[in-house]
Amino acid sequence: MDVTEKSAPIRIDVKDLRKSFGAFAALDGVSFTVQPGELLALLGPSGSGKTTLLRAIAGLSPAEQGTIHFNDEDATTLSLRERRVGFVFQHYALFRHMTVFDNIAFGLRVRPRRERPAESEITQRARRLLEFVQLGGLEKRFPAQLSGGQRQRVALARALAIEPNLLLLDEPFGALDAKVRKELRAWLKDVHRETGLTTLFVTHDQEEALELADRVVIMRNGRIEQIGTPSEVYEEPATPFVCEFLGNVSKFDCTIRDGEAEVAGSLFPVGEENGLNGPGVAYVRPHEFEIVIDEHGEGLPATVKSVRPFGPTVSVELVLAGRDGPIEIAVPRELIGLGDVQPHRVVHIRATAARIFAAG
Amino acid sequence: MFWLGLIVLIPLAGIFTRAASLGLSDFFTILVDPRILEALKLSFGGALIGALINTLVGPVVAWVLVRYEFYGRGIVDAVIDLPFALPTAVAGLALAALYAPNGWLGAPLADAGIKVLFTPLGVIIALTFIGLPFVVRTLQPVLADLEPEIEEAAATLGASRWQTIRKILLPALLPTLLTGFALAFARAVGEYGSVIFIAGNLPYKSEIAPLLIIIKLEEFNYPAATAIAAIMLVMSFLILLIVNLLQGWARRRTGYAG
């Protein structure tokens, strides 16, 4: 459905953005480009600067240094109205005293008279947006009479009503429960496809970022750790931080020699040439282990702590000698005889892949 | 319910039975006494003006206290309660001293040709003074509850600052503003201690109705006193009723039931 006039989506160029709150550097030299029509996730722990970055792009709290360009136009010189940014807040920020319809029409009604569409056109456009966000028939409700998921849809329709240049969403699903969250996630993907807008969203949920985004920007302490497609950042994390942040990994101290990582006498294969030597750390994801049942086999000896045989993979918790806390591994159901993997049994585990970094 | 009846309703009923014992013609004779009429006009007019001023100034004060961090905010916040906490006579004396022709504020005003002491203006100032905390204190929690994101949302949608205030903030605050107005007004109508010193109590000019009740009582003219009281009661009740209806209307418009 045609909800926004399809002008070409814009490119965003962010260069060397800096901002601090007192002694705390919220943005510490951030540069990146968002391609036209891209769906980009800003991912990081709280305090990493992702929301500050989003707000700077929106013009809500300008950065102290650096530039932001929308295509070739310097956005830092534009007023909020001129930027035409569709912004969706975590807690919806709906106008409580207005109906759903009036909320959506607000951005059109506050335009200067010569730019303002006729009331009949405003009505038409608001109706169309309501249909688009699947809330047809609810235009006379007040926000207090809607569920959280519905409110966030209204917020999005309101943001789309101004025919924004780009769409920015600040933890859009953060205040919703898990089920609604999943629904809205799929729906946001549809919205992005249908509007074609350059879209940025902030999240601290790596699963959300990896599932939705074309590319993910991973932030930490006001800096960008890595930018890449979900599979790039997942498979080839640039830093230990990215590795640890993107889901479940086990970390091992290792010695790197000739491109291979040795962990307590067992060799972890490392895919590519890395030029590293000396002490390092190796990260292995749960599905990159295999279990060797033979008690004298090669690999690291480990004692089975618990087995959870649910779903397509079996999740096994193991305790390794000389290591704090159990590690979790996931093996395909058909590859292990469950009879052999029982609590208290000693097995050997081998890594089939690992990511290594120099220590320190 | 029982306590409400005991504490509020029985004294009110007492006033009405007392006033009713007057008989209708006597009642109206008292009513049309120009001195009483003037006093009622001053009390209600002054309270109305005072409450209106507070409804304009109160939101600004509350806004500053809620939204801005500044040195000494805690002190300013505490000072707001002063008209509440101060014995009314003390407040009255302080105001009278302040606005006397040789007082801090009275002197420059007198130079400008404005006389405050012993005039209706003085009454209005006193009634404004004691009403302010009611408006500020009712607004503060509601303002604190209005997230800055609401304003940011309006701004990203292209609204100017003025449009945001007019279309977003004021409508959201309207029900509360009416409550604050009603409270400030109700307090001001019955105010006595802080007014009489600055007012000077010149009959027909700066004499307020509650004072007139006292005067009548001191003259042992109980019927007149209760008649004035009954009239004040009815008028206050009517005004509060109107405010309540307005409030209900404003609430319905915001989608909150009741």
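Residues numbered from 1 in each chain as written. Chains lettered and ligands numbered in written order. Predicted model: local features only at pLDDT ≥ 70, side-chain atom pairs only at ≥ 80, totals over all residues. Heavy atoms only, no water.

Residues and elements named next belong to chain A. Across six bridges, the pairing between strand E17 (residues 313-320) and strand E18 (residues 327-332) is antiparallel. Note on E18: the bridge partner recorded for Thr-313 is Pro-332. Count of turn residues in the E17/E18 antiparallel hairpin: six residues, of which Gly-322 carries a positive phi of about 70°. (Pairing = 2+ DSSP bridges. Helix = DSSP H or I, 4+ residues; strand = E, 2+ residues; numbered from the N terminus.)

Before going further, it helps to spend a moment on the interface of chain B and chain A. A common way to express how large an interface is: the accessible area buried when the components associate. Listed by partner, the interface residues are 24 residues for chain B and 23 residues for chain A. Here chain B and chain A share an interface that buries about 2100 Å² over both sides, 63% of which is from carbon and sulfur atoms. Its largest share of buried area at the contact with chain A, chain B owes to B:Glu152, B:Thr156 and B:Leu157, together 30% of the area lost on that side. For A:Arg96, the salt bridge is made with B:Asp145, and the minimal N-O distance between the two is 3.8 Å. (Contact = heavy atoms within 4.5 Å. Buried area = accessible area lost by both parts, 1.4 Å probe. Salt bridge = Lys/Arg side-chain N within 4 Å of Asp/Glu carboxyl O.)

It is worth spelling out the layout of surface pockets at this point. Residues and elements named next belong to chain B. Roughly 460 Å³ of volume is contained in the largest pocket. Contributing to the lining of the largest pocket are 16 residues, with Leu-12, Met-232, Leu-233, Ser-236 and Phe-237 lying nearest its centre. Elements with a contribution of two residues or more to the lining of the largest pocket: helix H1 (2-20), helix H10 (161-190), helix H12 (209-218) and helix H13 (222-253). Among the elements that take part in the lining of the largest pocket, H13 stands out by supplying nine residues, more than any other. For the lining of the largest pocket, the class distribution of residues is 13 nonpolar, three polar and no charged. (1 Å grid on protein atoms, 1.4 Å probe; cavity = no way out; pocket = protein on both sides within 12 Å on 5 of 7 lines; lining within 4 Å. Points joined across faces, edges and corners; volume = space filled by probe spheres on them. Nonpolar A, V, L, I, M, F, W, Y, C, P; charged D, E, K, R; others polar.)

Residue and element names in this part refer to chain A. What the five strands build is an open sheet, ordered E15-E19-E16-E17-E18; its pairing is antiparallel. The open sheet is flanked by strand E15 (289-292) and E18, the only strands paired with a single partner. Neighbouring strand axes in the sheet, compared pairwise and without regard to direction, differ in orientation by 50° on average. Across six bridges, the pairing between strand E16 (residues 300-308) and E17 is antiparallel. (Axes fitted to C-alpha atoms, helices over the stretch in contact; angles between N-to-C directions.)

Moving on, we come to the side chain of A:Arg55. With respect to the helices and strands, the residue A:Arg55 is situated in helix H1 (residues 50-58). A relative accessible area of 19% means that A:Arg55 is categorised as buried. Beyond its immediate stretch of four places on either side in the chain, A:Arg55 contacts A:Leu60, A:Ser61, A:Phe87 and B:Glu152. (Buried < 20%, exposed > 50% of the residue type's maximum accessible area, 1.4 Å probe, protein only.)

All names here are of chain B. Where nonpolar side chains cluster on the molecular surface, the patch consists of Met-1, Phe-2, Trp-3, Leu-4, Leu-6, Ile-7, Val-8, Leu-9 and Ile-10 and spans about 1000 Å² of accessible area. Locating Leu-9 in the fold gives a position in helix H1. Since its relative accessible area comes to 49%, Leu-9 is described here as partly exposed. (Patch = residues over 30% accessible without salt bridge, like charges linked within 9 Å, V, L, I, M, F, W, Y side chains within 5 Å. Areas by Shrake-Rupley, 256 points an atom, 1.4 Å probe, with all protein chains shown as cover.)

Right, let's get into the nonpolar core. With 61 residues, the main nonpolar core has B:Leu40, B:Val123, B:Leu127, B:Val195, B:Ile198, B:Ile228 and B:Met232 as its most contacted residues. Mapped onto this core, the elements with two or more residues apiece are helix H2 (24-31), helix H3 (34-67), helix H6 (88-99), helix H8 (120-145), H10, helix H11 (193-199), H12 and H13 of chain B. Counting residues in each nonpolar core, the second largest holds 47 residues, with A:Ala41, A:Leu94, A:Ala161 and A:Val216 among its members. (Core = buried A, V, L, I, M, F, W, Y, C linked by side-chain atoms within 4.5 Å.)

Here we come to the packing of aromatic side chains. Residue and element names in this part refer to chain A. All told, the structure shown has ten aromatic pairs over all chains when counted by the stated rule. When the ring of Phe-87 is compared with that of Phe-89, the centres are 4.7 Å apart and the planes differ by 50°; the resulting orientation is tilted. The class of Phe-89 is buried, set by a relative accessible area of 3%. Over the ring of Tyr-234 we find Arg-285; its NZ or CZ atom is 3.9 Å from the centre of that ring. (Phe/Tyr/Trp six-rings, centres within 6.5 Å; stacked < 30°, edge-to-face > 60°. Lys NZ or Arg CZ within 6 Å of the ring centre and 35° of its normal.)

Relative to the helices and strands, B:Thr226 is located in helix H13. For B:Thr226, the contacting residues outside a window of four places in its chain are B:Ile15, B:Arg18 and B:Ala19.

Moving on to the sheet that holds strand E5 (residues 73-74) of chain A. Residue and element names in this part refer to chain A. Read across the sheet, four strands follow the order E2-E1-E4-E5 without closing on themselves; strand pairing throughout is antiparallel. If you trace the sheet from one side to the other, it starts and ends with strand E2 (24-34) and E5, each paired once. In this structure, strand E1 (residues 12-21) lies alongside E2, joined through eight bridges in antiparallel fashion. What sits directly across from Leu-17, in E2, is Val-30.

All names here are of chain B. Where H8 meets H10, the closest approach of the two axes is 8 Å, and the angle between their N-to-C directions is 155°. Comparing the axis directions of H8 and H10 gives the class roughly antiparallel. Here H8 and H10 pass one another in a crossing that is right-handed. Only Leu-173, Thr-176, Leu-177, Thr-179, Gly-180, Phe-181, Leu-183, Ala-184, Arg-187 and Ala-188 of H10 make contact with H8, whose side of the interface consists of Leu-127, Ile-130, Gly-131, Phe-134, Val-135, Thr-138, Leu-139, Val-142 and Leu-143. Looking at the contact of H8 with H10, its residues break down into 13 nonpolar, five polar and one charged. (Parallel < 35°, antiparallel > 145°, perpendicular 65-115°, else oblique. Left-handed = near helix turned anticlockwise from the far one by under 90°.)

Residues and elements named next belong to chain A. Counting across every chain of the model gives 39 salt bridges over all chains. With a closest N to O distance of 3.1 Å, Arg-223 and Asp-28 form a salt bridge. With Arg-223 in strand E10 (residues 223-228) and Asp-28 in strand E2, the pair connects residues that are 195 residues apart, well separated along the chain. One connected set of salt bridges, linked through shared partners, spans Arg-181, Lys-182, Arg-185, Asp-205, Glu-207, Glu-208 and Glu-211.

Residues and elements named next belong to chain A. The element strand E14 (residues 278-284) is largely enclosed, with a buried count of five among its seven residues. With seven bridges joining them, strand E11 (residues 250-257) and E14 adopt antiparallel strand pairing. Bridge assignment links Asp-253 to a residue of E14, and that residue is Val-281. Across four bridges, E14 lies against strand E20 (residues 355-358) in antiparallel orientation.

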